[in-house]
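Coordinates in review
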Amino acid sequence: MPPDPDVGEQEPFIAPIDQFLRTGHDLEAAKELIEALEQSAASAAPRAPLLMAQGWAALGDRPRAEAYVQSALAAAPDDPAVLVEVARFFIGDDVERAAKHLLRALKPHRANA
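Described in the following lines is the structure provided in the data block. Treat the numbers as computed from the prediction; the structure is a model and nothing was measured.

Let us look at the pattern of salt bridges. Between side chains of opposite charge, a pair can form when the charged atoms approach closely. A full pass over the atoms with the stated rule returns four salt bridges. Between D93 and R62 there is a salt bridge, with the nearest N and O atoms lying 2.6 Å from each other. Of this pair, D93 sits in the loop between α5 (80-90) and α6 (95-106) while R62 sits in helix α4 (residues 62-75), and the two are 31 residues apart along the sequence. Across the pair R97 and E66 runs a salt bridge, and its minimum N-O distance is 3.1 Å. On the criterion of sequence distance, the pair formed by R97 in helix α6 and E66 in helix α4 is long-range, its members being 31 residues apart.

As structure tokens, this is what we get:
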């Protein structure tokens, strides 16, 4: 699979964090990587808030994760991919909130309508 053009400087962080999210191993190393991503220039990349939200959620820090979810949503409120990830974040805790974002993701965009 070709590299994601939006990843940019996130690349050193993505593989280890993804590995943690898939396996659930090495919690401390994953936490250090997420904290390093927060402090790096890569935190401004488009996918960074969602990546950090997934990491903090996996580590059990739901409030911190939700702050990043809200940041991703504020940066791209009409992006279907972001809306689907936001819905995925809320599905376990707040089905109505998840449904709201998922329905927004499924609506045709004005530019395409």
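A separate point is the packing of aromatic side chains. In the structure shown here, the tally under the stated rule is one aromatic pair. Arranged with centres 5.0 Å apart and planes meeting at 85°, the rings of F89 and F90 form a pair that is edge-to-face. Here F89 and F90 have matching classes, each one buried. Its guanidinium or amino end placed over the ring of F89, R62 lies 3.7 Å from that ring's centre, counting from NZ or CZ. The aromatic ring of W56 is capped on one face by R64, whose charged end is 3.9 Å from the ring centroid.

What counts and how
- Residues numbered from 1 in each chain as written.
- Predicted model: local features only at pLDDT ≥ 70, side-chain atom pairs only at ≥ 80, totals over all residues.
- Heavy atoms only, no water.
- Salt bridge = Lys/Arg side-chain N within 4 Å of Asp/Glu carboxyl O.
- Helix = DSSP H or I, 4+ residues; strand = E, 2+ residues; numbered from the N terminus.
- Phe/Tyr/Trp six-rings, centres within 6.5 Å; stacked < 30°, edge-to-face > 60°.
- Buried < 20%, exposed > 50% of the residue type's maximum accessible area, 1.4 Å probe, protein only.
- Lys NZ or Arg CZ within 6 Å of the ring centre and 35° of its normal.

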